[in-house]
Amino acid sequence: PLYDVLEIIPSTDGNTIFSSSGIVIPGNEDQNLCLKAYHLIKEDFNIAAVNIHLHKVIPMGAGLGGGSSDAAHTLVLLNDLFKLKLGNEQLLHYASKLGADCAFFLKNKPILGFEKGDQFKEINLNLEGYFMVIVKPEVHVSTVDAYAGVIPGQHLFSLIELIEKPVSEWRFTLKNNFEESVFQVHPEIEKIKNTFYEKGAVYASMSGSGSSVYGLFKNPIDLSQKFKSYFYWSSNI
């Protein structure tokens with residue numbers, strides 16, 4: 001399944017250590033969000049050293065929130081491990097310090113995020129029965145550039161109204177505003193979206209700021225050969 005696996009256990013030598021397996025995580029391990037979450041909690045609570053192991057399955061730079069989710073659930077595990085008795089609002093407070101969308105992953109259900117992404121409104125959304133395909137090409141989308149390419153504006157309908165309409169209508173009303181500028185720089189991402197529609201997708205969109213694209217289908221479909229050089233995942237919802 002498309003899950004990262006996170007384990008946190010007490011350290012046996014008094015040193016906090018972060019390790020990983022699965023997809024190779026580039027950069028300095030000290031900058032990993034899981035470690036940042038640990039140090040954030042340690043600032044306010046006298047917690048002991050731990051060993052953190054992350055098995056990475058969700059691709060990075062995909063707009064799927066893998067790193068943010070790992071950080072959020074580090075907070076949950078530390079809360080349980082050390083019996084800190086932090087409530088949901090307190091966990092949301094810490095999560096919002098780690099990243100704009102980290103708090104979203106503490107909700108663990110379809111919900112609308114606004115402001116910086118750490119304020120929420122309930123939505124009525126059920127995608128049960130659909131088949132989802134996710135494809136990520138071997139390109140990296142700069143989050144900074146993606147945001148720089150979005151021009152804020154007024155819309156005729158609220159996002160909640162659009163989401164709660166039938167999925168069959170989303171194609172004509174529900175748009176990821178990152179796509180306009182990102183597709184200009186990375187046309188291969190747009191090609192994936194177009195391919196989904198050519199193959200019968202009810203709805204397709206780039207995920208977040210990219211570079212992955214997801215498609216919703218009424219029936220199972222195997223496009224793995226079509227995208228055999230890319231990251232590919234599919235499953236019933």
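Going by the structure above, here's the rest.
Because the structure is a prediction, the values reported are computed rather than measured. (Residues numbered from 1 in each chain as written. Predicted model: local features only at pLDDT ≥ 70, side-chain atom pairs only at ≥ 80, totals over all residues. Heavy atoms only, no water.)

**Digging into the nonpolar core**
Next, step 1: Within the largest apolar cluster, 37 residues are counted, with the highest numbers of intra-cluster contacts made by Val167, Trp170, Ile189, Phe196 and Leu216.
Next, step 2: When residues of this core are traced back to their parent elements, those giving at least two are strand 6 (131–136), helix 6 (159–163), helix 7 (167–173), helix 8 (179–185), helix 9 (187–198), strand 7 (203–206) and strand 8 (213–217).
Next, step 3: Top contributing element to this core by residue count: strand 6, with five residues.
Next, step 4: For Trp170, the contacting residues outside a window of four places in its chain are Leu125, Leu127, Leu162, Ile163, Lys165, Tyr203 and Leu216.
Next, step 5: If you look at the next biggest cluster of nonpolar residues, it comprises 27 residues, including Ile8, Leu78, Leu92 and Ile111. (Core = buried A, V, L, I, M, F, W, Y, C linked by side-chain atoms within 4.5 Å. Buried < 20%, exposed > 50% of the residue type's maximum accessible area, 1.4 Å probe, protein only. Helix = DSSP H or I, 4+ residues; strand = E, 2+ residues; numbered from the N terminus. Contact = heavy atoms within 4.5 Å.)

**Describing the sheet that holds strand 2 (residues 17–22)**
In a beta sheet, neighbouring strands pair by backbone hydrogen bonds and run either parallel or antiparallel.
Next, step 1: A sheet is described by the order of its strands in space; here three strands give the open sequence 1-3-2, paired in mixed fashion. Strand pairing shows two members of the sheet lacking a second neighbour, strand 1 (5–10) and strand 2, which therefore form its edges. Across the sheet, the mean angle from the axis of one strand to that of its neighbour is 15°, orientation sign disregarded.
Next, step 2: Pairing analysis gives six bridges linking strand 1 to strand 3 (residues 50–56), with the strands arranged antiparallel. Following the sheet pairing, Ile9 is matched in strand 3 by Asn51.
Next, step 3: Docked against the sheet, helix 1 (residues 33–44) engages strand 1, strand 2 and strand 3, running at close to 150° with respect to strand 3.
Next, step 4: Helix-sheet contacts for helix 2 (residues 66–81) involve strand 1 and strand 3, and the interaxial angle to strand 1 is about 30°. (Pairing = 2+ DSSP bridges. Axes fitted to C-alpha atoms, helices over the stretch in contact; angles between N-to-C directions.)

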